[in-house]
Amino acid sequence: MKLIQESSKTKIVNNAIVAILAIYGISQKNFNLDEPTLFTQVVTEVISPVQEGIADSKRSMSSLWENYLLIVNTSKENVVLKKQISRLESDLTNMDEVRKENLRLKQLLNFSDGISPQRVLAQVVGWDSANEFKVIRLNKGTNHGIKVMSPVITDQGLVGYVYRATPNYSDVLTILDQNNRVDVVVERTRTHGIVEGVMNFKCALKYVMRNEPVEVGDKLMTAGVGGIYPKGVKVGMITDIRKENFGMTLSIEVVPSVDFDKLEEVLVLLPVEEAATTASVEVVPQERKP
Amino acid sequence: MKLRFSQVIFSFAITLLLLIGFEILTATVFPALGWKEYRLTFNVLIILFLAIRLDSPGVPWMILGLQVIHSIFSVEGWALGTLAGVIVMISANYLKELLHLTTAFMTMLIVQFFQVIWFVTVSVVICLKVSDFSKFGMIVWSFIPGSILLSLISPVLFWLLANIWRVPSDSGSRGVEI
């Protein structure tokens, strides 16, 4: 009887200690930023190469299949492409002039002041294993110049920002995550709002007043407010607007411009001072001068 | 039945390796195959097994260990799941006379019941943490498809874990005392 009571007492004490530890851990937890412990860094560095290997295998298999399909269609396309090349060559001469003009105007307007001149190309090797968080893991980390809060983009638009980074891997809190809030502006009307992740790979545009003239199909760009994202990066498009009978703001659904279903490679924008000092890193230089 | 300490360490190490395998499956293999929207949270299933089938003062520490490994793969961190795991374990202790995992259907039913407790706990804590209860429904809803799938595969995983922990199949809910 005494033995049973002692066993119960030990259980209660253990439960209480672990529960208190957990509550303390929750109180210290920040869903917007994380500094990984040494243990987390070591285990991540050991385990993530396996994830990278699996992601690479998938890419190789996809590429193999795509190549096969391409070969089948190559001979037909070859004839069409030859005709296109001759037409494009003449277009190219005109385009070069347009490009030079565009660059001159950009410099004039200081359009690209907020965007980092150097970017690290990284591949997606995994997703967060919990349902409620939409986070991706990249195969580049602090050794490659990446810092927490670095913005992450693709040619389609905004992906998110670096939430935590280890020497060779980093986790990105995507715009699909409910903890990530992006200050945006509607391209057509210059209306400001906040984009938050919701469900089904969609987002919501919040804090837009009922009298704002936004429409379905309007495109959203980053506003450049908040110090994380540069100004003018594509975020998404409005797909649904609902005016509830109550409240001062609209209920707006947004589809991200990035196709997260097919996301494989991303660009991490380095901070300007970091980009200047990182020489040995594999970077994609941005053309700035004609 | 009482396990020796060395057996406990061995079984726990195998369980950790199993969890790492499942986490890689969920975080990399499934998304690579195009399944990105819903996750199968295997850590929940493994912790449910420990909470329901083991009778030991060391279980909360094992839950903590499993959640620390889970936090490598998720920004959720270790603390949320640890708190939920301890709450589930205490609930299982109170209900132990009613829990009989004798058939696959009963296992699925019990696992689903405890997953609901788990997910409600996690959702409430997240909403408290971000001071926004408007997301409660959305978070709970995101759990549902994955949790049903987990319940369906729970008899197989429980059978596997029962072999790892040497829990006799006819021992009712409280399988092994450590």
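Given the structure is predicted, the values throughout are model-derived calculations rather than measurements. (Residues numbered from 1 in each chain as written. Chains lettered and ligands numbered in written order. Predicted model: local features only at pLDDT ≥ 70, side-chain atom pairs only at ≥ 80, totals over all residues.)

Colleague: Could you give an account of the overall build of chain A, naming the residues involved and the relevant values?
Modeller: Secondary structure summary: chain A contains three helices and 13 strands in total. When burial is assessed residue by residue, chain A has 33% of its 290 residues classed as buried. A separation of at least 24 residues holds for 61% of the contacts in chain A among residues at least 6 apart in sequence. (Helix = DSSP H or I, 4+ residues; strand = E, 2+ residues; numbered from the N terminus. Buried ≥ 20, exposed ≤ 12 C-beta atoms within 10 Å, placed from the backbone. Contact = placed C-beta atoms within 7 Å.)

Colleague: Pulling in residues and values, what's your account of the sheet that holds strand β7 (residues 192–197) of chain A?
Modeller: Residues and elements named next belong to chain A. Read once around its circumference, the closed barrel built from six strands follows the order β6-β7-β8-β11-β10-β9, with strand pairing classed as antiparallel. Between one strand axis and the next, the sheet turns through 40 degrees on average, direction left out of account. Bridge count for strand β6 (residues 181–186) against strand β9 (residues 219–222) is three bridges, and the pairing is antiparallel. Counterpart to V185 in the pairing with β9 is M221. (Pairing = 2+ DSSP bridges. Axes fitted to C-alpha atoms, helices over the stretch in contact; angles between N-to-C directions.)

Colleague: Would you mind going over the domain arrangement of chain A in detail, with residue names and values included?
Modeller: Residues and elements named next belong to chain A. By the assigned domains, chain A splits into domain 1 (47–111) and domain 2 (119–285). Counting residues at the interface gives five residues for domain 1 and eight residues for domain 2. Class assignment for the residues of the side of domain 1 that touches domain 2 results in one nonpolar, two polar and two charged. (Domains from an automatic or database assignment. Nonpolar A, V, L, I, M, F, W, Y, C, P; charged D, E, K, R; others polar.)

Colleague: Outline the interface of chain A and chain B, listing residues and values.
Modeller: On the chain B side, the residues contacting the 43 residues of chain A number 43 residues. Looking at the side of chain A that touches chain B element by element, the count peaks at 11 residues for helix α1 (residues 2–28) of chain A.

Colleague: Describe the packing of helix α5 (residues 104–130) of chain B against helix α6 (residues 136–164) of chain B, and please don't skip the residues or the numbers.
Modeller: Residues and elements named next belong to chain B. Relative to each other, α5 and α6 sit at 150 degrees, their axes nearing to 8 Å. By the angle between their axes, α5 is roughly antiparallel relative to α6. Seen from above, α5 lies across α6 with right-handed handedness. Between α5 and α6, the residues in contact are A104, T107, M108, V111, Q112, Q115, F119, V120, S123, I126 and C127 and F136, I139, V140, F143, S147, L150, S151, L152, S154, P155 and F158, respectively. (Parallel < 35°, antiparallel > 145°, perpendicular 65-115°, else oblique. Left-handed = near helix turned anticlockwise from the far one by under 90°.)

Colleague: Now, about the pairing of strand β11 (residues 251–256) of chain A: what can you tell me, with residues and values included?
Modeller: All names here are of chain A. Alternating positions in β11 separate cleanly, I252, V254 and P256 being buried on one face and S251, E253 and V255 remaining unburied on the opposite face. Both strand β8 (residues 203–206) and β11 contribute to a ladder of three bridges, which runs antiparallel. The residue of β11 that forms the bridge with C203 is V254.

Colleague: Break down helix α1 (residues 5–32) of chain B for me, with residues and values.
Modeller: Because each turn of an α-helix spans 3.6 residues, side chains separated by three or four positions end up pointing in the same direction. Residues and elements named next belong to chain B. In a regular helix each residue adds 1.5 Å, so 28 residues correspond to 40 Å; α1 covers 40 Å between its end C-alpha atoms and thus fits that length. For α1, the principal kink sits at L25 and spans about 35 degrees. Among the residues of α1, those classed as buried are S11, T15, L19, F22, E23, I24, T26, A27, T28, P31 and A32. (Expected span 1.5 Å × (residues − 1). Bend = angle between axes of the 7 residues up to and from the residue.)

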